[in-house]
Structure formats: C-alpha cells, structure tokens
Amino acid sequence: MILVHVDHDRGAVDAVSLQALTLARCLDSDVQAVIMGGAEFAPELGEYGASIVHVAEHPGLTDYAPQATARAIVGLINSLAPTAVLGAGTARGNEVLAHVAAMTDLPFAADCTEITLGSPVRVTRARWGGNLLEESTVITTTLFATVFAHAIPAVQSPAAGAVSAFTPELSPADLAVVIIERAGAASAGVTLAEAKVVVSGGRGMGGPESFSLLEDLAGLLGGTVGCSRVVTSAGWRPHAEQVGQTGTKIAPDLYIACGISGATQHLAGCKNSKTLIAINTDPDAPIMQIADYAIVGDVHAVLPQVIALTRAATGA
Amino acid sequence: MEILVCIKRVPLVGSTFILTDDASEIDTRRLGFTLSPHEECAVEAAVQLRDAHGGSVTLLSLGTAETEEQLREQLAIGADRAILAITDGSEPDPQATAAALLEAIRADGAQFDLVLLGSESADVAGYQTGIRLAHALGLPVVTGVKGLTVDAGVARCERAVGSEREVYSVALPAVITVKDGLNIPRYPSVPGRIKARKKEVSTHEVTLAAPRIVKGRLVVPAAAAKGTKVLDANEQGAAALVDVFREIGLLA
Ligand SMILES: Cc1cc2nc3c(=O)[nH]c(=O)nc-3n(C[C@H](O)[C@H](O)[C@H](O)COP(=O)(O)OP(=O)(O)OC[C@H]3O[C@@H](n4cnc5c(N)ncnc54)[C@H](O)[C@@H]3O)c2cc1C
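Criteria and cut-off values
Residues numbered from 1 in each chain as written. Chains lettered and ligands numbered in written order. Predicted model: local features only at pLDDT ≥ 70, side-chain atom pairs only at ≥ 80, totals over all residues. Heavy atoms only, no water. Near = heavy atom within 4 Å. Polar contact = N/O pair within 3.5 Å; in protein donor to acceptor, adjacent residues only side chain to side chain. Areas by Shrake-Rupley, 256 points an atom, 1.4 Å probe, with all protein chains shown as cover. Helix = DSSP H or I, 4+ residues; strand = E, 2+ residues; numbered from the N terminus. Nonpolar A, V, L, I, M, F, W, Y, C, P; charged D, E, K, R; others polar. Buried < 20%, exposed > 50% of the residue type's maximum accessible area, 1.4 Å probe, protein only. Right-handed = clockwise from strand over helix to strand, strands pointing away. Pairing = 2+ DSSP bridges. Core = buried A, V, L, I, M, F, W, Y, C linked by side-chain atoms within 4.5 Å. Contact = heavy atoms within 4.5 Å. Domains from an automatic or database assignment. Buried area = accessible area lost by both parts, 1.4 Å probe. Salt bridge = Lys/Arg side-chain N within 4 Å of Asp/Glu carboxyl O.

> Explain the site of the ligand to me, and be specific about the residues and the numbers.
Taken together, the neighbourhood of the ligand is formed by 29 residues, with A:Arg203, A:Ser228, A:Ser261, A:Gln265 and A:Asn280 sitting nearest. Chains contributing residues to the immediate surroundings of the ligand are chains A and B. Here A:Gly259 contributes a backbone N or O atom positioned 3.1 Å from an oxygen atom of the ligand. Within the backbone of A:Val299, one N or O atom sits 3.0 Å away from a nitrogen atom of the ligand. Coverage of the ligand by the protein amounts to 83% of the 980 Å² it exposes when considered alone. For the shell around the ligand, the secondary structure elements donating two or more residues are helix H6 (229-233) and helix H7 (264-270) of chain A. The residue makeup of the shell around the ligand, split by class, is nine nonpolar, 16 polar and four charged.

Structure follows, in structure tokens:
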C-alpha cells in the first residue's frame, strides 16, 4: 500500500497532491490518502484513486501545521506500514515529508519525476530547479518521496474513497509552528504565476525606467511584468516579479524576454512557456537559441516599435 | 542575538550543464563557484538582525578546503566568524549533511538563538537539511521564509503563497530557512574584504555518514529542438511579432 499526503487550503485540494496520487496509482493498486481535516474531499480523492482517505481530526489542526501534520502521518505509518509515503513537490508537501523523515530517521527524496519500487528503490529527482536530473537508489524500509510539481498530469482512476477518521497524538511542540494570520494580496492585478502573458526584462533593460516599456506592452497584451535576478538584486523591481529557480516558475502562453541572457537558473522558471520571444543585442545569447522568435536588437529601439504596432492593432 | 548561518558552495553554472565523462558530477573545471541566492539573503538577514539587536553572526559550511572562498566573501559583507566543516569532497546525502552540521555545531560549542539556512540548496535541492537539523537540535523550524522580524525573542516569519503571505510566529531559539527575496543582499565593500581577511575561519574535520540516497547518474533533460525564427530589428520584425500576438489570440 502507498500512502499519499494530500494538502488542502481553505476549500481546495492542492493540484500537485492529485498528481502524487496519480503517480502512486502507477506504482501500486492499493493507494490510500491522508489529509488533515477535510473529510469533504474524500469523494474527490476517491476519483483520483484513493481507496481509503484517512482524515486526521484534532482541535489543533484547523489550519496548516507542518510538524503536527508530519506527526499524524508518522502515527499512520506505524499502524499501516505502507511501502511508500508520497506527497506533493510543493513548499508544504516537501516540508511535511522532511519532518516525517527527520522524525523516523529515514531518507527522503524530494521532487521526484520517476519512482520504481522494489529492491533497490530507484528514483529520478530534480536538481537545479529541474535543469538537471539525478538517478539514485534509496536505501530505506519505507520510501518517502515527493512528486515534482507538474511533471505528470493528474489522471482520474476511481476507487472507493472511504473515509477513515483518526485522532493523532500531538504534543504542544508539534503545534508550536502554525499559521497565525494571513497578509492579503499585495496587488489586485494578475499574479505572475497565473498570467497568460509575461513581458520580462533583464540587465539589458539598462535601468528601472525602461520597465515602463514592458508595462506598456504587458498592458496591451493583458499580461504582467517579470524580470531576472540581476534586476531584483539591483532593486529595480520587486522580487515577486522574479522568474527562475529562486523566483517564480511559470508556464504562460507567451513569454517575452527582453535583455535577458538565458542563464539556466532563469530558464528553470520560463522554459515551459508555450511561445517564447527574445529581444537581445547578442545573437549568441543562450535565450536566443531556445526562443521561438528572436529579434537581434536593442530593446530601447525594438520595444517602442512593437508597442506602437500592437497599440494600433488593438485600436487602443 | 547569536546567529548561525549555514551556507553551501555550488558551481556557478552558466547556460548549459557539462557533466564529467561518467555523468556522476557537473564538470566544474571551467566554472566559478557561488552561493544560492537563498543563502545570500540568509547572511544579509543575519547581519541586519545583529546590527539591530547586537550579538554576532557565525557562518558554517560543509565542504572542501576551497569553501573558504565563499566563507570569506560572506565575512566581507559583515559576518563575524566562520566554521568550515571539512569533508573529503564526496557528496553527502541530506541526512549525512544534517548530521555533519550538527557535529560541527557541537564541536564549536557556541549556543545559537537563531540558525538560518536556505530553503533548499541550489544544486541538490533536498528541502530537508534545515528541518533535520532542527529536529536534531530539538528546536522548532519555520521554512521558506520571505519576511523576517524579531521582537522580544519571538520571530515573525512570512511565507509567500501566490499573492498572499502566511504568517508564522516562533519563539527563539529556532531554525528558520529562508528564500531569495527576503532582502536585497549587499555586495562586499573593499574595506569589508580587507577586514574579512583577518576574521577567524576555524576548521573542523568531519566524517560523512554513507549516503542512503545513493547518486547514480546525472542526466541533462533534452530540450525540445525548436528552430528559432529570427526576425529583423525593424518595422517588419515588429509587425511579425504583432502577427504572433494575433495568432496566439491576444489581439481579439
Ligand atoms: C543558485 C542560483 C539561482 C538563481 N536563480 C535565478 C532566478 O531565479 N532567476 C534569474 O533570473 N536568475 C537567477 N540566478 C542568476 C542567473 O545565474 C543570472 O545571473 C541571471 O539570470 C542573469 O540575468 P540577466 O539575463 O538579466 O543578465 P545578464 O546575464 O547580464 O544578461 C543581460 C543580457 O542583456 C543583453 N543586452 C544588453 N543590453 C541590451 C540591450 N540594450 N538590448 C537588448 N539586449 C541587451 C545582453 O546581450 C545579455 O544577453 C541564479 C543564480 C544562481 C547561482
């Protein structure tokens, strides 16, 4: 049996947790889910292959609590003895399984793209934000692993989805770290992660003033502005706009990279864009090699022309 | 406040990954080395907290003797001293890493109010060293923090989730792992570099436990060959881009 930790947040099941359920179903016919509260999600988890949904019920578990979640899962591992415990390759999914692994002193393979059970257990996992893959064997009694976000699509595979409630034994220390409040959205506009169009600038923009060109073009295309780390570390733009390994990973319909060289750490964040346009003075810049469309030129000359013609085309 | 910051030397990979012949490592012969932005932010936060609350900032890194380069660089931005836990250069798995860090902390003997790490390392990205270290030290841990203030011995930690922020509060001593965007790390100044040369870097030999995640081969995922269309940098080129916008359905 494979146990899958499913995360949920205020009324919605985490999409990557469903991807983890799908991977689990590829490995074992018996897949069970564990969720902190949220019995109402059992039918949905059944659709994605959970035969039993173990629902942890505890007065301390009203909102996300990483160590308490891990403690509840360790309790289940002791009673159910699964061959593997999987979770989502997200901030929360990785955090919970890292706690589980620390509590049980077993290995934990984060962000796996492939898993083969048996002896030995084999995994392929993402390094460097997915730009490099590692094939490893894991020496363990129970495999702890998370599934790299969006590496495999969630596929329905109906199972019973029967609820089995349990009350975990939690210590005050397990509940020491909990969400105490939420600070609201910084801006009302489209977020970088969700935007269909991202117009992004790098060092080649020359300074923060030039980003008004990117704002204009993004405005005309119904998109938002992104940037490289050189730009955030110079203080030209806020980090919320940074695309890449240590910024936001995005997969928009259109990504326009202006004055961005295309370092691997930047590409880790934008290589899944459906269409990629690059504007760069250097024809040999790495971004120009992977772009669908490339214009070799100065952003300060090219962008005003593109903006004028786009404005004319939209009639704005 | 006594603050420890754990940092990791990693190769500064440019536009492509070049592997060794047996594909077990990145070929670093032509590469420079750096830190993850997460860890640069951790050191910057530590220096700012020390300047506001007093105390000192100690750096700790696990690696070969060359790791002194990264430690000196961060001493130059204002950390006070450093501990280099010297290994034989083999790659520890996350369990072995946390165990070796713990050993170095114990051997050093100092007590820390705050232990900072990056949310995940730039290269291996196991998402667990900070959490394992916290459990070993018997401390609470908050991860992936992008906003951090300390007041009366309590750290307020903000974690970005989409366009929202989750706020966690934790009493010190604690372990906190941080992310790029926490602050804008400063560059070392020339006087900073001169001072850094005289700062203490104590070394401690550690023996790494055998990895339980045993690395086989590294693979560079194949990029889809796209066939780039090069457009002219003039009106025609701009018009061709507008056609692309139209094809994608952005111009109704
Ligand atoms: C662990 C790690 C994580 C990282 N994470 C990220 C991340 O999340 N996101 C990120 O972006 N970076 C990240 N980086 C940094 C990354 O390695 C690069 O340094 C960075 O992406 C480069 O930014 P850039 O392309 O703007 O600048 P550069 O590499 O300096 O490129 C500037 C480009 O602009 C072009 N140019 C110059 N002038 C003009 C002009 N007038 N018109 C048109 N083009 C012009 C140049 O030809 C060049 O190609 C990370 C680094 C490390 C080590």
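> Outline the pairing of strand S16 (residues 275-280) of chain A, supporting the account with residue identities and numerical values.
All names here are of chain A. With six of its six residues buried, S16 lies for the most part within the structure. Residues of S16 alternate between two faces, with Thr275, Ile277 and Ile279 on one and Leu276, Ala278 and Asn280 on the opposite face, all of them buried. Where the polypeptide runs from strand S15 (residues 254-258) across H7 and back to S16, its parallel neighbour, the crossover connection is right-handed. Pairing between S16 and strand S17 (residues 293-296): four bridges, direction parallel. Note that in S17 the partner of Ile277 across the bridge is Tyr293.

> Kindly report on the nonpolar core, identifying the contributing residues and their values.
Core analysis: the largest hydrophobic core is formed by 92 residues, its most contacted members being B:Val5, B:Leu116 and B:Ile176. Beyond its immediate chain neighbours, meaning those up to four positions away, B:Leu116 contacts B:Ile3, B:Leu4, B:Val5, B:Cys6, B:Ala42, B:Ala45, B:Ala46, B:Leu148, B:Ile176 and B:Val178.

> Talk me through the domain arrangement of chain A; I want residue IDs and the actual numbers.
All names here are of chain A. Assigned domains of chain A: these are domain 1 (2-175) and domain 2 (197-314). The distance between the C-alpha centroids of domain 1 and domain 2 comes to 36 Å. With five residues of domain 1 at the interface, the matching set in domain 2 holds six residues. Here domain 1 packs against domain 2, burying approximately 440 Å² in sum over the two surfaces, 38% of which is carbon and sulfur. Three residues stand out in domain 1 for area buried against domain 2, namely Trp128, Gly129 and Asn131, and they jointly supply 87% of the buried area on that side. One can count zero salt bridges joining domain 1 with domain 2.

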